[in-house]
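# Structural overview
Listed here are the chains, written in short residue letters.
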Amino acid sequence: MDGAAPSFGALDEGKMTCHYSLDSLAVRGCRLFGWGFCLDPLSELKDGKLLLPLVDGRWHEIALLPGGYREDLVLSFPDVPHAGAAGFMLRATLPASPAGGEAKLCFRRAEEWIELPLPGFPDAFALPQTIPVRSVFQRFLQIRRQRGWGAALKAALRGGMQRLAGLRMLNVRWPTRSVILLDHGMGGGATRYGESRLAFWLSSGRTVVKVVPQASTLDFRIEIYDGSGRSELSVPSQNELLEILERLDADVLEINSLVGFEDVPAVTAWASVWRRARQNRHLRFNLHDFHSVCPAFTLVDSDGRFCGVPKKERCVECLPKNAISTLGLDIHRDIAEWRGAWRDLLAACDHIAAFSMPSVTLLRRAHPELRSGQVGIVGHEGGGKGLRRVAPAKVRPGVVAVLGHINRAKGADLLRALAEASEISGRPLEFIVFGTLEGGGAGLGSLRVLGSYTRETLCDRIEAAGVSLALLPSVCPETYSYVVDEIMEMGLPLAVLDRGAPPERVRHYPLGRVLKGDDPSSLFIQLLEFSEALRK
């Protein structure tokens, strides 16, 4: 939404007290990234938005994204059951640069909107990047006035270090016959696989130039691995990055993931031209997600459901409302143009590495023109190595373990719905998250979140909690799942939804169960039946 600044109604401080903060903000041109929290002790706030002025006089609205589980807020507000769900993240590319002034955090509480002012936006909140020489002194004074001497000195130091890094980059001796590896660096299975590919190329005696976008600073980190070790540089923009990569004498380009890149179609276009420029070059793409199908790379739609790759008309309707599934990187909303850009890249690939047949099926729904010889199923190194067998508890109520960071695509909303169904049914099942849960447990007595765990203590903690079975609640179609490997290695009974890669293995696992459908009530009944059958 652009236009004049709308009003959602003034905050009545006599009724309530909101604790809020924009903890960190990075601004680079028209791009923003930041995080913070807003906590109303009385109830959860919904539909968060940032409303900010632009330099061209318009106002722009950015949907706030879930910010993960905030353990710091749980400790600070132990009597507020929804404190862990009060965090938010913002990530966006604006139609114009933000203007100085006052922005507003806006949230819906029941049927009313509240506004929380952010004076001095964005400078009062931003971590300044490099300041042009001609305005260093004025910028230093501005930061000092807004944030104090300490912040101003730190900003000056950061700017100087970035300037030195830029000068040093001009004198870098770029490696020959290198491998370029593009990755998202956001953790999870894709990052784990990317690390194995890095190790493979290094063991082959190759120099690897790895590129990772940095969300918190809105720049790109270049990591150079060779016989002498590892070195690192940063570049501020994707255009400069591609100019550098063009200068490399690389003969292999491996795309592990492009999630988080500034302009994905520009990267795919560059990669296609790069591959076709020389016959001896090799281009590989690893199918870790469905970014090549949709900017909503998990294929979770605006209603929070697996979309199944529908007709384009549904995509046109969904994308503008689905910032949560695009991580705010939704500037490319024309699905035909998006798939056209990826179609050119996939056609140029020498090898497309997939990790399950269901992933290939979904890819072909969007790209039916793919040649059969391009796509190959590649085996993962098992993710459960080093874990011992555990003894499932045959107890009632059944204790259901969920492992990892559970966000919306990984089934956070579904897990809360299952816990609610258990409450209604007299708590025949208890759910324990060994990890974190985006949005928290909503005060449900049958749902506990234990926080992060270490691999070394996981088996002991599962036995101590009396776990009887495990659940993979992902509503997205996983392209593999290291968690499935880990659970089967421990010998725990395992239930998964009937989508993506997990059912391929779980159907052949003696202690596995594939749950049918999407309705939480039906899924709960199936899970309860599975739990009861295991007790016999």
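Keep in mind that what you see is a predicted model, and the values were worked out from it rather than measured. (Residues numbered from 1 in each chain as written. Predicted model: local features only at pLDDT ≥ 70, side-chain atom pairs only at ≥ 80, totals over all residues. Heavy atoms only, no water.)

## Concerning the confidence of the model for the protein
- The predicted model of the protein has a mean per-residue pLDDT of 87, with 88% of residues at 70 or higher.
- Confidence drops under pLDDT 50 across residues 1–14; counting only partners more than four residues distant or on other chains, this segment forms 31 contacts.
- In this model residues 130–135 is a low-confidence stretch, pLDDT under 50, and it forms 4 contacts with partners more than four residues away in sequence or in other chains. (pLDDT = per-residue confidence, 0-100. Contact = heavy atoms within 4.5 Å.)

## Some points on the sheet that holds strand β20 (residues 447–449)
- Strand order in the open sheet formed by 6 strands is β20-β19-β18-β21-β22-β23, with parallel pairing between adjacent strands. In the strand order of this sheet, the two ends are held by β20 and β23 (512–515), each with one partner. Adjacent strand axes in the sheet meet at a mean angle of 25° when their direction is disregarded.
- Examined bridge by bridge, strand β22 (residues 494–497) and β23 share 4 bridges and lie parallel to one another. (Pairing = 2+ DSSP bridges. Helix = DSSP H or I, 4+ residues; strand = E, 2+ residues; numbered from the N terminus. Axes fitted to C-alpha atoms, helices over the stretch in contact; angles between N-to-C directions.)

## Concerning helix α11 (residues 412–424)
- The end-to-end C-alpha separation of α11 is 19 Å, in line with the 18 Å expected for 13 residues at 1.5 Å each.
- All buried positions along α11 are accounted for by Ala412, Leu414, Leu415, Arg416, Leu418, Ala419, Ala421 and Ser422.
- Downstream of α11 by a residue or two, Gly426 has a phi angle that is positive, lying close to 85°. (Expected span 1.5 Å × (residues − 1). Buried < 20%, exposed > 50% of the residue type's maximum accessible area, 1.4 Å probe, protein only.)

## Side note on the pattern of salt bridges
- Tallied over the full model, the rule gives 37 salt bridges.
- For Arg284, the salt bridge goes to Glu254, with nearest N and O atoms at 3.4 Å. Residue Arg284 is located in strand β15 (residues 282–286), and its partner Glu254 is located in strand β14 (residues 249–255); the two are separated by 30 residues in the primary sequence. Each of the two residues, Arg284 as well as Glu254, counts as buried.
- Across the salt bridge formed by Lys516 and Asp498, the nearest N and O atoms sit 3.1 Å from each other. (Salt bridge = Lys/Arg side-chain N within 4 Å of Asp/Glu carboxyl O.)

## Here's the deal with the nonpolar core
- Ranked by size, the top nonpolar core spans 49 residues in total, and within it Leu182, Leu245, Leu253, Ile255 and Phe261 carry the most contacts.
- Discounting chain neighbours no more than four positions away, the residues touching Ile255 are Leu182, Ala271, Leu283, Arg284, Phe285, Asn286 and Leu345.
- Within the second largest apolar cluster, 28 residues are counted, among which are Leu414, Phe431, Val475 and Phe530. (Core = buried A, V, L, I, M, F, W, Y, C linked by side-chain atoms within 4.5 Å.)

## Some words on the pairing of strand β7 (residues 87–93)
- Among the 7 residues of β7, 6 are classified as buried, and the element is accordingly described as predominantly covered.
- Here 7 bridges tie strand β3 (residues 31–39) to β7, and the two strands are oriented antiparallel to one another. Counted as the bridge partner of Gly36 is Phe88 from β7.
- In this sheet, β7 lies alongside strand β6 (residues 65–66) in antiparallel orientation, the contact comprising 2 bridges. Each residue of the ladder has a partner; that of Pro66, found in β7, is Phe88.

## A few points about unusual backbone geometry
- Look at the link from Phe121 to Pro122: it is a cis peptide, with omega at 0°.
- With respect to the helices, strands and loops of the structure, Pro122 is situated in the loop between β9 (112–121) and α2 (136–147).
- Positive phi, normally seen in glycine, also occurs at Leu218, with a value near 60°.
- Position of Leu218 relative to the elements: it lies in the loop between β11 (207–214) and β12 (219–226).
- For Leu218, a relative accessible area of 7% puts it in the buried group.
- One non-glycine residue with positive phi stands out, namely Val309, at about 60°.
- Relative to the assigned elements, Val309 resides in the loop between β15 and α7 (312–318).

## Quick look at the side chain of Asp251
- Considering the arrangement of structural elements, one finds Asp251 in strand β14.
- By relative accessible area, which is 16% here, Asp251 ends up buried.
- A distance of 2.3 Å separates the side chain of Asp251 from the side chain of Arg206, its partner in a polar contact.
- Those residues in contact with Asp251 that lie beyond four places of it in its chain are Arg177, Ser178, Arg206, Trp274, Asn280, Arg281 and His282. (Polar contact = N/O pair within 3.5 Å; in protein donor to acceptor, adjacent residues only side chain to side chain.)

## Description of the sheet that holds β6
- Taken in spatial order, the 4 strands of this open sheet run β2-β3-β7-β6, and their pairing is antiparallel. Every interior strand has two partners, whereas the edge strands, β2 (19–28) and β6, have only one.

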